[in-house]
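Each chain, written out:
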Amino acid sequence: MSTPSDLRDKLRKKRRALQESLGKVKDDTQALVPSDSDVTKENERTAVEKLTGRGDDPGETLRRSLKAQRMKKKKKLLEEMSMEGPPEEEMVNEEITAVQELQHDQEEHSVETLAEEGRSVRLQRDLPPLPVARADSSLSESSMRQRMREKLRVARSKAASLLQQEASLEQPSHLRGPRDRETLTRFDRETDLDVHEEESSFAARVKFRDAARKATRDKRTETGLPTEEEAYKFFTFNFDPEPQESRRKDRAKKKTRSTDDEENEGEEDEEEEEEETGRARAREGEDESRERDEDAPLVRDEEEDLFIIDQSAKDFLELKKADYIGYNRRVLREREIFFTPSTRPVPASCKLPENVQPRYLEDEGLYVGERPPVALSNQNILENRILKEDGGKKWFGDDGRILALPDPIKESSSRPPLYHLEEELDPALQTVYRKPLKSKYVNRYIAGVGDTQGDYQLDVDVSGLIFSHHPLFSKEHVLGARLAQLYDQYLSRQHKNLTCLLTDKLNGLRNTIRNMLELHSGEGISHVTQQRIAEYKQEVRHTRQLRDTEQEKDRTLLKSIIKVWKELKSLREDKGCTNTPYKLYIRREEIQRALDEQEQEAEILAEVAELQAESEEDYERKLNEYKRKHEEWKSWKKKQKTLKKKQKQRRQQSQDVDEEEEEDEHSEEELGEEPVKPEAPEKPDIAGLEQQVREKAAKIRRKPGEPVLVPELTASNPITPNEACPRGEISRREDVSKRSLFVKVLYNDKEVSRTDSRSLNMDFRVHFGQIFNLKIVNWPESIKLQIYEGVSSSSSLIAEVCVPVPESSVLTGSTPSEELEFSSNQRVTFNHEGVGSDVPVSFTNDGSNIQTLLTSGKLSCCVSWAVGEDDIPLAPPSTQHGAGMHSGLRQMDAIACIGASGLNDMKRLGKWAAESRLDPNDPNNASIMQLLSVASGGEVVAPDYFRLEQLQEEFNFLSDEELERSRRFRLIRLRSQEEPEFRNFKTIPATEREISEKVFEEYDRRLKEGEVIDTKEHIDAHRALVAKYLQKVRESVINRFLISKHHYILSDLVVEEEVPSIGVLGLNLFKLAEPKRPLKPRRKERKKVTAQNLSDGDIKLLVNIIRGYDIPIRKPHTSKPAAGSKGARSYTETFTAASTSQTALQASEWPLGQPVIRPFVEVSFQRTLLQTSTAEGPNPCWNEELVLPFSAPNGDYSTSSLQAVRDEVFISIFDEVLHDVVEDERERGSSVHTRIERHWLGSIKIPFSTIYMQSRIDGTFKLGTPSVLLGYSKERSLGSEGGYDAIRSLSEGTFLTLFITIEPQLVPGDSIREKMKDVKFDTQEVERLLLACEIFEKDAGQRYPDRPCVTTVVDINGKTVFITRFIRPLPPPQELLDAFPNNSQEATELVVRYVSLIPFLPDSVSFAGICDLWSTCDQFLTLLAGDEEEHAVLLCNYFLSMGKKAWLIIGTAIPEGPTAYVLTQEQNRYLIWNPSTGQYYGQHDTFCPLQTVGCLVNADNVWFNIQLYATPIRMSFDVTKPKFWKPFFSRSFPDPGLSSVQPEDLVYRRTDKAYAAELQDRIEKILREKIMEWRPRHPTRWNRYCTSTLRQFLPKLEMSGGREVAEEHRLELQSLLGDYRISGFPLHLPFSEIRPIIEAVYSTGVHNVEAPNVEFALAVYVHPYPSNVLSVWVYIASLVRTR
Amino acid sequence: MTSPNPSVFLLMISGQIEGAQFPEYDDLYCKYCFVYGHDWAPTSGLEEGISQITSKGRGSTQSLVWNFPLDITFKSTNPFGWPQIVVSVYGPDTFGNDVVRGYGAVHIPFTPGKHTRTIPMFVPESTSRLQKFTSWLMGRRPEYTDPKVVAQGEGREVTRVRSQGFVTLQFSIITKDMKKLGYDTTSGEQAPATRLAGTEQPYRS
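Quick caveat: nothing in here was measured; it's all calculated off a predicted structure.

Caption draft 1: Representation of the overall build of chain B in the model. Across its full length, chain B carries one helix and 10 strands. When its helices and strands are written in sequence order, chain B yields β-β-β-β-β-β-β-β-α-β-β. In chain B, buried positions account for 43% of the 205 residues. Approximately 10600 Å² of chain B is accessible, and the part contributed by carbon and sulfur atoms is 52%.

Next up, the structure:
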């Protein structure tokens, strides 16, 4: 036993010994194969020398040298092998069986291995040495098998190649053959050195021993072989790593035959070999075991003697008893390591979470599938094991059992059994095997793109581009670019340094040759060496040439760099400016002159010497040639001579046979012509050679001692600033700065993205630096980048660069960007300094050196596959890539395949479809397949009809007619259509029979009315028409509104507190400092309530009646005519007449000391009637609050519904008159019996919508009083007369101060108006104007939210029209003007009256607050209905035509809300006209209902009020002041000259007087009937006399314009009807329909007089005005007989 | 009372709003109302109601219990517009303001019998973060203008809601004359084959 260290020591010793012996061995080898090894050695040495010269470490060198050596050998051996071939074949022994061959083969291998190792122990073999290989037979066997296979392969290929080669004459020794050959194969398999010194040496030693043993034996047995020593040495090389005794034996026997084995092997069939291998292996096993026994003693005997090895294998081996561990112990030990799950069942509590009872789903009634059967013990084992695992509990279900899917195996076969198994099987049912077809079109799309994992992404990184030439280059740029290019070239050359390399090589070669020559010193130069030297010389020559050219190139490059730089410099001087930053420095590197010269000289000499040698050689060769040829020539001459002799002889023999002759001729021909006599070659001119060399050196090399020039290009030259440049250059630079570039990225010829446009820099470099991530679905076929250059807005394609589709391994991040060159051949010329493209340019001043440059450059970009978040490349699998895809694509696309025209050709299409095997199930192909089926099926049976839903009929449960007839269905349908009659129809009866036809009557009638106009209802056919038209307009608007109603915004649905703005917060903070109980409290805004969550009774209307002014007072019926001048009034007439104080007188006249008047106020709203208490006197103060309940129509409290409420609040003042009805004077003392009569004095009506929209109405309103009140008189009646005085007293009617509001406060529904803005109306206005309007209105709305601002309005056709288009001077009817030809004021008033007589129809009510429709004046006059705007526009137009300065005022007024008034300028005063009532007010009139002035409009412009105040009293109407009024059209946005929408002239139709009379009668008749109807319990008597009197009276009223002109008439009346107490009044109404008249009459309550002896008088007068404008007067009076 | 040819059918609903689960809130009360079509009319019972305020119990269950009875009878001629119950839950926020905690609606069950319904509740969201903050500060959370909005589909697209909590309702339904009018709401097996010979089918003219 020896310790490992001991072992190592011994091994080391042994190795040393081996190395020594190997040294000898090497020599021997050389001796054995002298000719060969000489060369080898030679080569070897040179190689070693070369390599060592580089200064590598010795180990490396050795290895390399060995390698090199082997390589050389290999070459040579190949040649030799080819020579060996044929003779060896002869020696093929028939006896050699396949087995032997195989064995041989292996042996050869082992031989070779040994040989190799013999040569160099250091070389590690590819097979690991097996020191104890004998013991491990299986291992060796497997490795053997492997090796055998390898060998077979190698041998076969070799043999094949060898057979092809031709045999040569040379025949080297057989012995060398196999070894060398094997060496060759060995080279193939050599691996890197892996030094395991001990092991290899150990192995080697073992083998030595074996080999030695064998050798001794072989020596004796075999004869006819090399000497003992030789043989021994031969074998000692063989270090077989494997124990193959048997083989060795065989080998020894058949040594002679071994050489040719490989030839045979190569010809063996594959199968045979395979078989043999198997057999061989079997035998090997046997042999091995046998041989081992025999060998054992031999080894021991001889090893001591042969080698210096003192220890045998035994010394290295340790023998030990096999370890045995007792079973129990092992079990114990294993238990520590292994876990054995027990087979016992696991308690359920372990399997479930704590405190959880097992839950049995099955017991709960849920379906639980049957579990697959598992043996209980297995299950227990599994459970136990799972429980031990981490998180094992998740495998258990609620029931404590392992989760399992239900048993998938069905009990019975689900496939129906096939009967008639024998012959009867239906041929259609027979299964036919079809080969699976691989779809060709799979490849078109990247597989799995639809999945999440399959998204592929290409990253296209466009980093930038550099122009190497650009049309905008100046000449300097061109030169600069060239300089840069040359410099780049220089740098790259410098980097490669070819010259130096070649020079080194040349030197090396020369050295080698020299060494070789020295080594052999001329004596023993073998043939091989000579050859080598020749080769080297050849090499030297070649290298020299190469070096010379390189040197020349370097030199010229340097020269051209300097030349270009000079040109550049001169150009800069010429132009006087610098465009490029290039600056070339040339560094001189001084060199020691002497040394340099010496070197150069040496070089030249060497070259000359070589050249001389070459030329001499050449000469030799030529001389040889010459000699040979000369010889030939000589021999030819000789032949010629002999021939001639022969011919002569023949001729002498006479010409007997033709054949002979022919032959002779032939032979003569063969000799051919006389070869040219070769000339002796000239002697080479040595001196000339030197001269040549020197010349060349001067040309291409530095002169000796000349400094080395190193150019250095920097970009440090300052560029001349623009100012200092010449003109052309400046324009060029400007042009450059205008250019911008961008790059489009095209993927599969589709543009996917493009870079930002980057401007071109002065240095013609553009940096993009953009990365585009393309998620791709289709296969990438092409990726193109298109470079576009743009000047201002236009852009043009410069060039297109195709980027190769990256391999799937090319990933983002790891790919450097590549530079792709592009160029364009566009022709570009400039008239400035830019050189252009494709244009010849001269670079010198004299115009020479013309060049044509094309735009070109480099695009730096990078295309790669992206890397996903988890570092997974988003590249498609590369296997999919391939030609298949392209072919598939081509076939897929029919057009690509057969052309577009082919599509029409059914046959071709069919053919194509068949060829390309279209997938009939692919929906993409459906159309084609259908087409084909039609085409192939012959004629098409096309149905005559077309149906959208073919199956619809199946689902109809009733025919349409029946459905139509169903009343219930119709009802439901109409309700859902929201027809007004059925909109909120409740409880549609369940059955048909319960629905009566009556339900539809109204609706049907309405439908019918569409065509037929009911004249009866409307009295006037024309008006009926108008009404119809209005109705239609309304409907269309309502439809539009309904659409928008279903368009919700957030505030419709959600109540959200508004974010308080800073201002509000500030105000609130400020409020904290306010006194808690201010002296003048303000109304607090109440919380607003959205109307929707309200119900009936929640909303109340609060009407606060505060006080009244100027209520007419009663007059004693016996009063004297009042003294009042009824003279013509004028504007100038000032109100000076003092009111006669009649009051006292009158009061005294009344009986019972009653006050002059006892007024009370009655408010009626939605059939609720409330009244205040009775006050006294003409200026009463009630201060009462009346609460009226409000209920919305149909209980719908939505905003839109509330807006549509048409109800009006009627506020009327009545006089409560007490009549003493006590007939008997005696009773007067004891009883009071009075009758209360109420006399209507006047009323105001305020639409609910106004209250709703304004949320409160606060102010003093003028009461609508009749012009004549019988029995009453104004307290200061004269006060009513007034001109346009600034100071007017409270006169002109009766006033009432009111405050009306809704409790709780409702949110006014502005939202619909807002929404309507979304609903865009058509327009003919210019977009720019509309935009300006929007801005103007928005601006106004922001600054003054309470001032209405209107710039565009909707006309009756629903188009948006600019407001100024409505204003245009239009003449009023001539007859109105003619009425007062001299008095313009009268005429004006008449015109105003005419306008106010046109019926008022608030469209905000009819259109439910949707929008105002503005009609033009002619439309207005035709329709005879309109609201404030129409009236105002018409009045304004009239005023304008009458020469007044008039404007339209858009503002708000009480009670109308947003409205339009007319402003006129009269003698430095402004008058405000209410067009719908005909009233006018001075600017400073306190009772002017106009509260806010928003804007003024005339035909030219719109001015918005930007003054501090908006009330007319406080503001200025001077629109020229920009401080006060903001004009719409200003200097910045001038009036585009909008044409008016109004007609040029209005055509007035003269109204038929007879028609008016007829109407008058009709109204009177209807009113009479109505009054009688209203008095159902009392008889109604008509006083005819009074009536006729009144009738006469009315026209006068009309003439006077409704003013109180009737005083005298009244007196007249009084006198006529002296005995009657008359109370009555004329009502004046514009005529639209009869219903309003009836209502007006009703509201006066005249009919309510219940005195028994009351009589009535009623007179109606209709005064026609032009264009069917009718003024209706109704005079109604009640008469009570006083005595 | 029973006529062979009824013109209306009756839907009698009795039940209760059992309680709610609002994990984050306490002291809640609820309101309910019914939304129904034009052809429906309540014949008796309360259409709307407001419950007491209930607090969470100390025990393990975190549910709020109202046990608020519902008892209403509808008559109708047309199943279109079948009644829905709209429940809205309110409760105080951290500042003591009453704010809405959830809206929800569910159709009254069609079939006679006892039914339990759990309605998921939601509240409208503020339009912006600032709004949310101010609404939280001021205790005025966004609310529907009308709780009945949650029973209709129109206009919901403009709102954003956040879901919170559940309300459990229990209904016992009795219908009368539905079948006679041709509306069969019970399942197929229970439908008796004893159709009256004289029963008139609807839509037959």
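Caption draft 2: Quick peek at the overall build of chain A. A count of helical and extended segments in chain A gives 49 helices and 40 strands. Within chain A, the proportion of its 1683 residues that are buried is 44%. Expressed as a percentage of contacts within chain A between residues at least 6 apart in sequence, the contacts between residues at least 24 apart total 76%. Taken as a whole, chain A presents about 94000 Å² of accessible surface, with 51% of it coming from carbon and sulfur.

Caption draft 3: Up close: the packing of helix α18 (residues 498-520) of chain A against helix α19 (residues 527-575) of chain A. All names here are of chain A. Taken N-terminus to C-terminus, the directions of α18 and α19 make an angle of 160°; their axes are 9 Å apart at the nearest point. Relative to α19, α18 is oriented roughly antiparallel. Helix-helix and strand crossings are classified by hand; for α18 and α19 the assignment is left-handed.

Caption draft 4: Up close: unusual backbone geometry. Residues and elements named next belong to chain B. Backbone geometry at N67 places phi at a positive 50°, although glycine is not the residue there. Residue placement: N67 occurs in strand β5 (residues 64-76). Even without a glycine there, the phi angle at D177 is positive, about 65°. Of note, D177 is situated in the segment after β10 (161-176).

Caption draft 5: Spotlight on the interface of chain A and chain B. Between chain A and chain B, the residue contacts involve 35 residues of the former and 34 residues of the latter. Buried area between chain A and chain B, summed over both chains or domains, comes out near 3100 Å², and the portion from carbon and sulfur atoms is 56%. In this assembly, chain A and chain B are joined by one salt bridge. For B:D39, the salt bridge is made with A:R975, and the minimal N-O distance between the two is 2.6 Å. Our enumeration of links across chain A and chain B arrives at two residue pairs in polar contact (both at pLDDT 80 or more). Looking at the side of chain A that touches chain B, the elements with two or more residues in it are α30 (967-976), α34 (1050-1053) and β14 (1054-1055) of chain A. Its residues placed into classes, the side of chain A that touches chain B shows 15 nonpolar, nine polar and 11 charged.

Caption draft 6: Structural detail: the packing of helix α46 (residues 1553-1574) of chain A against helix α49 (residues 1634-1644) of chain A. All names here are of chain A. Relative orientation of the contacting elements α46 and α49 amounts to 45°, with a least axis distance of 11 Å. Relative to α49, the element α46 lies oblique. Crossing hand, α46 versus α49: right-handed. For the pair formed by α46 and α49, the contact residues are I1563, I1566, L1567, K1570, I1571 and W1574 on the first element and I1634, I1637, I1638, V1641 and Y1642 on the second. Of the residues belonging to the contact of α46 with α49, the class tally is 10 nonpolar, no polar and one charged.

Caption draft 7: Region of the structure containing the pairing of strand β7 (residues 765-776) of chain A. All names here are of chain A. Only one face of β7 is covered, namely the face carrying V766, F768, Q770, F772, L774 and I776; the face carrying R765, H767, G769, I771, N773 and K775 is uncovered. Two elements, strand β1 (residues 456-469) and β7, share 10 bridges in a ladder whose sense is antiparallel. Within β7, the residue paired with G464 across the bridge is H767.

Caption draft 8: Focus on the pairing of strand β7 (residues 98-107) of chain B. Residues and elements named next belong to chain B. Of all the 10 residues making up β7, seven are buried; the element is thus mostly covered by neighbouring parts of the structure. Relative to β7, strand β6 (residues 84-92) is paired through nine bridges, and the arrangement is antiparallel. Bridge pairing links V89 to G102 in β7. Linking β6 to β7, which pair antiparallel, is a turn of five residues; within it G96 sits at a positive phi near 85°.

Caption draft 9: How the structure looks around the nonpolar core. Residue and element names in this part refer to chain A. Core analysis: the biggest nonpolar cluster contains 73 residues, and L1101, V1103, I1105, I1211, L1296, L1298 and I1563 have the highest contact counts within it. In terms of residue count, α46 provides more of this core than any other element does, six residues in total. Residue contacts for I1105: discarding those within four places in its chain leaves V1161, V1163, T1172, W1182, N1183, E1184, L1186, I1211, L1296, T1297 and L1298. Membership of the second largest hydrophobic core comes to 54 residues, among which are L1376, L1434, Y1480 and F1529.

Caption draft 10: Molecular detail of the environment of A:R1347. All names here are of chain A. Assignment of secondary structure puts R1347 in the loop between α40 (1327-1343) and β28 (1352-1355). As a C-alpha pair, R1347 and P1458 span 111 residues in sequence and 9.3 Å in three-dimensional space. In this structure, R1347 is in contact with T1492, V1493, G1494, F1504, N1505, I1506, Q1507, L1508, Y1509 and A1510, ignoring residues within four places of it in sequence. A distance of 2.9 Å separates the side chain of R1347 from the backbone oxygen of N1505, its partner in a polar contact.

Caption draft 11: Spotlight on the sheet that holds β7(A). All names here are of chain A. The sheet built from four strands is open, its strands ordered β7-β1-β13-β10 with antiparallel pairing. Looking at which strands have only one partner, the edges of the open sheet turn out to be β7 and β10 (818-824). Adjacent strand axes in the sheet meet at a mean angle of 25°, parallel and antiparallel pairs treated alike. Pairing analysis gives 10 bridges linking β1 to strand β13 (residues 855-865), with the strands arranged antiparallel. Among the inter-strand pairings, V460 is bridged to a residue of β13, identified as V863.

Caption draft 12: Representation of helix α45 (residues 1428-1441) of chain A within the structure. All names here are of chain A. Between its first and last C-alpha, α45 extends 20 Å over 14 residues, near the 20 Å set by a 1.5 Å rise per residue. With 12 of 14 residues buried, α45 lies mostly within the body of the structure. Taken together, the buried positions of α45 are occupied by E1428, E1429, E1430, H1431, A1432, V1433, L1434, L1435, C1436, N1437, Y1438 and F1439. A positive phi of about 85° marks G1443, the residue just after α45.

Caption draft 13: Inspection of a nonpolar patch on the surface at higher detail. Residue and element names in this part refer to chain B. A contiguous nonpolar surface patch, about 590 Å² in accessible area, is contributed by F95, L130, F133, W136, L137 and M138. Its place among the elements puts F95 in the loop between β6 and β7. We classify F95 as partly exposed; its relative accessible area is 45%.

Caption draft 14: Fine view of the sheet that holds strand β19 (residues 1168-1171) of chain A. Residues and elements named next belong to chain A. The four strands are arranged β19-β18-β21-β22 in an open sheet whose pairing can be described as antiparallel. A strand with exactly one partner marks an edge of an open sheet, and here the two such strands are β19 and β22 (1234-1247). Looking at each pair of strands side by side, their axes are set apart by 25° on average, direction ignored.

Caption draft 15: View of the packing of aromatic side chains. Residue and element names in this part refer to chain A. Considering all chains together, one arrives at 36 aromatic pairs over all chains under this definition. Consider the rings of Y1394 and Y1438, whose centres lie 6.5 Å apart with planes at 35°: the pair is tilted. Here Y1438 lies in helix α45 and Y1394 lies in helix α42 (residues 1384-1397), a separation of 44 residues in the sequence. Using a relative accessible area of 0% as the deciding quantity, one classes Y1394 as buried.

Caption draft 16: Quick look at the confidence of the model for chain A. All names here are of chain A. Predicted confidence across chain A gives a mean pLDDT of 69, with 60% of residues reaching 70 or more. When the elements of chain A are averaged for pLDDT, helix α36 (residues 1143-1149) gives the smallest value, 39, and strand β36 (residues 1502-1505) the largest, 88. Note that pLDDT drops below 50 for residues 110-140; the model gives that stretch 84 contacts with residues more than four away or on any other chain. Predicted confidence for residues 291-296 stays below pLDDT 50, and this span has eight contacts to residues more than four positions away or in other chains.

Caption draft 17: View of helix α47 (residues 1584-1599) of chain A. Residues and elements named next belong to chain A. Between its first and last C-alpha atoms α47 spans 24 Å; for 16 residues at 1.5 Å apiece the expected length is 22 Å, and the two agree. Inspection of α47 places C1586, T1587, T1589, L1590, F1593, L1594, L1597 and E1598 among the buried residues, and these make up the whole buried set. Structurally, the start of α47 carries an N-cap: the backbone nitrogen of Y1585 is 3.2 Å from a side-chain oxygen of N1583.

Caption draft 18: Main features of the pattern of salt bridges. All names here are of chain A. Using the criterion set out here, one finds 33 salt bridges over all chains in the structure. Measuring nitrogen to oxygen at the nearest pair gives 3.8 Å for the salt bridge that ties E625 to K629. In this pair, E625 and K629 are both assigned in helix α20 (residues 593-652), four residues apart and thus about one turn of the helix distant. Its relative accessible area of 36% is what places E625 among the partly exposed residues.

Caption draft 19: Inspection of a positive patch on the surface at higher detail. Together, A:K634, A:K638, A:K641, A:K644, A:K645 and A:K648 give the surface a local cluster of positive charge. Structurally, A:K634 can be placed in helix α20.

Caption draft 20: Molecular detail of the confidence of the model for chain B. Residue and element names in this part refer to chain B. Confidence in the prediction for chain B averages 84 pLDDT; 89% of positions are at 70 or higher. Confidence drops under a pLDDT of 50 for residues 189-205, and excluding neighbours within four residues, the segment shows 11 contacts in the predicted structure. On the interface metric, ipTM, the complex scores 0.76, and its pTM is 0.44.

Rules used in this analysis
Residues numbered from 1 in each chain as written. Chains lettered and ligands numbered in written order. Predicted model: local features only at pLDDT ≥ 70, side-chain atom pairs only at ≥ 80, totals over all residues. Heavy atoms only, no water. Helix = DSSP H or I, 4+ residues; strand = E, 2+ residues; numbered from the N terminus. Buried < 20%, exposed > 50% of the residue type's maximum accessible area, 1.4 Å probe, protein only. Areas by Shrake-Rupley, 256 points an atom, 1.4 Å probe, with all protein chains shown as cover. Contact = heavy atoms within 4.5 Å. Axes fitted to C-alpha atoms, helices over the stretch in contact; angles between N-to-C directions. Parallel < 35°, antiparallel > 145°, perpendicular 65-115°, else oblique. Left-handed = near helix turned anticlockwise from the far one by under 90°. Buried area = accessible area lost by both parts, 1.4 Å probe. Salt bridge = Lys/Arg side-chain N within 4 Å of Asp/Glu carboxyl O. Polar contact = N/O pair within 3.5 Å; in protein donor to acceptor, adjacent residues only side chain to side chain. Nonpolar A, V, L, I, M, F, W, Y, C, P; charged D, E, K, R; others polar. Pairing = 2+ DSSP bridges. Core = buried A, V, L, I, M, F, W, Y, C linked by side-chain atoms within 4.5 Å. Expected span 1.5 Å × (residues − 1). Patch = residues over 30% accessible without salt bridge, like charges linked within 9 Å, V, L, I, M, F, W, Y side chains within 5 Å. Phe/Tyr/Trp six-rings, centres within 6.5 Å; stacked < 30°, edge-to-face > 60°. pLDDT = per-residue confidence, 0-100. Lys, Arg positive; Asp, Glu negative; His and termini not counted. Charge placed at Lys NZ, Arg CZ, Asp CG, Glu CD.

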